[in-house]
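A look at the structure
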Amino acid sequence: MASTGENETPARGVLHRLLSIFAEVKPREVFSVLVLTLNVFLLLTGYYLLKVVREPLILAGGGLEIGGQKLDLDGPEVKAYAAAGQALLLVGVVRAYGAMARRFGRMQLTTALTLFFAANLVLFFFLARLGVPLGVPFYLWVGCFNLTVIAQFWSFANDVYSPEQGKRLFAIVGIGSSLGAMFGAQIAKRVYVPIGPYNMMLVAAGVLLACLWLTYLVHRDDLAGPGGGEKKADAPPGGAAGGFKIIAGDRYLLLIAALTLVLNWVNSTGEYILDRTLIESATSALGQESAPAAAGEEAPAAAGEKAPAAAGEKAPAAAGEKAPAAAAGADPGAPLAAGAPVYLVDPEASRLLEGKIAAVKGGAFDVEAGGKVVEGAEKGLVHPRTEKGKKAALGAIIGTFKGDFFYWVNTLGVVLQLFLVSRIFKYLGVRFALFILPTIALLGNASLAVLPALAVVRVAKIAENSTDYSVQNTARQALFLPVGRDAKYSAKAAIDTFVVRAGDVLAAVGVIVGQVLALSVRHFAMVNIALALAWLGVVVGIAREHKRRAADEPGAEDLKAA
């Protein structure tokens, strides 16, 4: 059990009172819980640095397709193929990790894994300097890195804390995860331009080394606690069997694997629904009567907009104007003049409008679109009516929407983690917490089946993802508290890596089948409804097994009520 001794310093007394706001913490646990929280905060910060680096590297690969639209953007289909590649790669990763877990103690295992990934980042840095293409390899590597390192952290935390401690303290440790996700993205956005993507790899490597030092502090603190723990800590935690064999021989672990599989299947399918609905919403106004009405001109607005834009725009919008800026092949960043046909981004409604420039005012534009004149539109919201302009405008809509989406997901996740998770665990128990996310997913997809609008998808996915990152993540980690050390390391690594990606692969197969059968968003929502019902069935099975293994869990009667 982690401890810093019985004597409490005045400073620690202040920290103890502060932490007690969020969960029940004993004085001797303050040091370990704070260090573990900082550790996972840095891990998530480092991951988001690498995630921001990953996107431009993979996006530079060429044309992609989202919701039937040909774009040079990372869409559901490419993510699906990458997930399949990661799943295959993770089979080897899980086997290698299991072999290491059978030979090394927990600190040796953590050190070897951390140094390996840090060395990989240094290698990627030098390969980039030599001009080696890194898009796909780095994309696959980041997926394996994220799952493996985070799984290793929670395995270590499960090993340090007893089931009773973990039930209380994981709610606080999870705060570091939520805050790391929220602030990591902001930090990455601010340092990307000043230091560049490849230097960010070196920064992330440094973050990993800092995390290794923090892990050592908790390890040493655990050994110094009442009763020590050297014998357990030095013993290889992997057991004789590999992770997959351990899972296959344990009903409880099989159910946890099934939970992880269906959770990621539902989530990935929901992400596809969100992306597809966003693209359809963004382009729904194109070619409709609103564009001609907006122009009010004999010129053209919707009359086969694609042809004029691509063909050189003789008569249309530029009719007699001095700047045919939207002619075929025009640079989306080229200067625009009055009369030029353009796409106007409406970030509030996440849609793209066709119109033409009514007047130019310095760096801003008055644009006739959607039946009215929009005054003072910024340059980033106005793009020439060309294929390049359309892709740039759609990129602006997607970036604006996703930035706002992630903000609300992370903010709500932090609020849930700070003020609700510990109380749910204390008064209702881990088993009850497991029912919350599938219920939200069921209600959200039922709403989508009735009204598949972007606003509905947005609210449903914000509720689902924020709960996943807070309540569900903490509860899922707590499920490993009552299992043996071999399951906490080898089996957990297999579940948190390969099984997670296997769920993504199943979602990808569903997307491909859905495209062949021309399924609508409603159909995908119905698939998720069926999966959510199966998910609830799996949770019932886990709750029964967990009740049998953790007799001290509060709220034992909640399963009957659920």
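Before any of the text, the structure's been laid out above.
Positions within a chain are numbered from 1, following the residues in the order the chain's sequence is written. Totals for whole chains, interfaces and linings use all residues, but because this is a predicted model, local features are given only for residues with pLDDT of at least 70 and pairs of side-chain atoms are given and counted only at 80 or more. Where side-chain values are given, they derive from all heavy atoms of the structure, hydrogens and water being excluded.

1. Focus on the nonpolar core
- Formed by 102 residues in total, the largest nonpolar core has its most connected members in Leu121, Phe138, Trp141, Leu253, Trp535 and Ile542.
- Labels follow the DSSP assignment, with helices taken as runs of H or I lasting at least four residues and strands as runs of E lasting at least two, numbered in each case from the N terminus. In terms of residue count, helix H2 (residues 30–59) provides more of this core than any other element does, 13 residues in total.
- Two residues form a contact once any of their heavy atoms are found within 4.5 Å. Sequence-distant contacts of Leu121, that is, excluding residues within four places in its chain, are made with Leu50, Phe138, Trp141, Met201, Ala204, Ala205 and Leu208.
- Buried residues of nine kinds, namely Ala, Val, Leu, Ile, Met, Phe, Trp, Tyr and Cys, make up a nonpolar core once their side-chain atoms join them within 4.5 Å. Note on classification: 1.4 Å probe, protein chains only; a residue is buried when its accessible area is under 20% of the maximum for its type, exposed when over 50%, partly exposed between these limits. Residues Ala282, Ile398, Phe401 and Ala525 belong to the second largest nonpolar core, which totals 26 residues.

2. Side note on a nonpolar patch on the surface
- Note that patches include only residues with greater than 30% relative accessible area and no salt bridge, and the join distances are 9 Å for like charges and 5 Å for nonpolar side chains (Val, Leu, Ile, Met, Phe, Trp, Tyr). Only the protein chains shown count as cover for residues, and all accessible areas are computed by the Shrake-Rupley method using a 1.4 Å probe. Put simply, a salt bridge is a Lys or Arg side-chain nitrogen that is within 4 Å of an Asp or Glu carboxyl oxygen. A cluster of nonpolar side chains, namely Val509, Ile512, Val513, Val516 and Leu517, defines an oily patch on the protein surface of about 460 Å² accessible area.
- Mapped onto the elements of the fold, Val513 is located in helix H18 (residues 485–516).

3. Focus: the packing of helix H5 (residues 135–160) against helix H7 (residues 197–223)
- Geometry is summarised by axes, namely lines fitted to C-alpha atoms with helices restricted to the contacting stretch, and by angles between N-to-C directions that run from 0 to 180 degrees. In the contact formed by H5 and H7, the axes pass within 11 Å of each other and the chain directions differ by 15°. Looking at the two axes, H5 sits roughly parallel to H7. Our pair here, H5 against H7, has a crossing hand that is left-handed. Residues Phe138, Phe145, Phe156 and Val160 of H5 touch H7, and the partners they reach there are Met201, Leu208, Thr215, Val218, His219 and Asp222.
- Residue type decides the class: Asp, Glu, Lys and Arg count as charged, Ala, Val, Leu, Ile, Met, Phe, Trp, Tyr, Cys and Pro as nonpolar, and the leftover types, Gly among them, as polar. Split by residue class, the contact of H5 with H7 holds seven nonpolar, two polar and one charged. The cut-offs work like this: below 35 degrees is roughly parallel, past 145 is roughly antiparallel, 65 to 115 is roughly perpendicular, and the gaps in between are oblique. Crossings are assigned a handedness: left-handed for a near helix turned anticlockwise from the far helix by less than a right angle, right-handed for a clockwise turn.

4. Structural notes on the pattern of salt bridges
- On inspection of all chains with the given rule, the structure shows 13 salt bridges.
- Asp222 is paired through a salt bridge with Arg106; the nearest N and O atoms lie 2.6 Å apart. Highlighted residues: Asp222 in helix H7 and Arg106 in helix H4 (residues 106–129), separated in sequence by 116 residues. Considered together, Asp222 and Arg106 belong to a single accessibility category, that of buried residues.

5. Digging into unusual backbone geometry
- At Ala518, a position not held by glycine, the phi torsion is positive, near 55°.
- Secondary-structure assignment places Ala518 in the loop between H18 and helix H19 (521–549).

6. Remarks on the sheet that holds strand S4 (residues 351–361)
- Paired strands, as defined in this entry, are two strands with at least two bridges between them according to DSSP. With antiparallel pairing, five strands are arranged side by side in an open sheet as S6-S5-S4-S3-S7. On the outer flanks of this sheet lie strand S6 (372–378) and strand S7 (382–384), each paired with one strand and no other. Between one strand and the next, the sheet's axes are offset by a mean angle of 45°, whatever the strand orientation.
- Pairing between strand S3 (residues 341–346) and S4: six bridges, direction antiparallel. Residue pairing across strands places Val342 opposite Gly355, the latter belonging to S4.

7. Considerations on the side chain of Thr37
- Its location among the elements puts Thr37 in helix H2.
- Residue classification places Thr37 among the buried positions, given a relative accessible area of 14%.

Just geometry here; none of it tells us what the structure is for.
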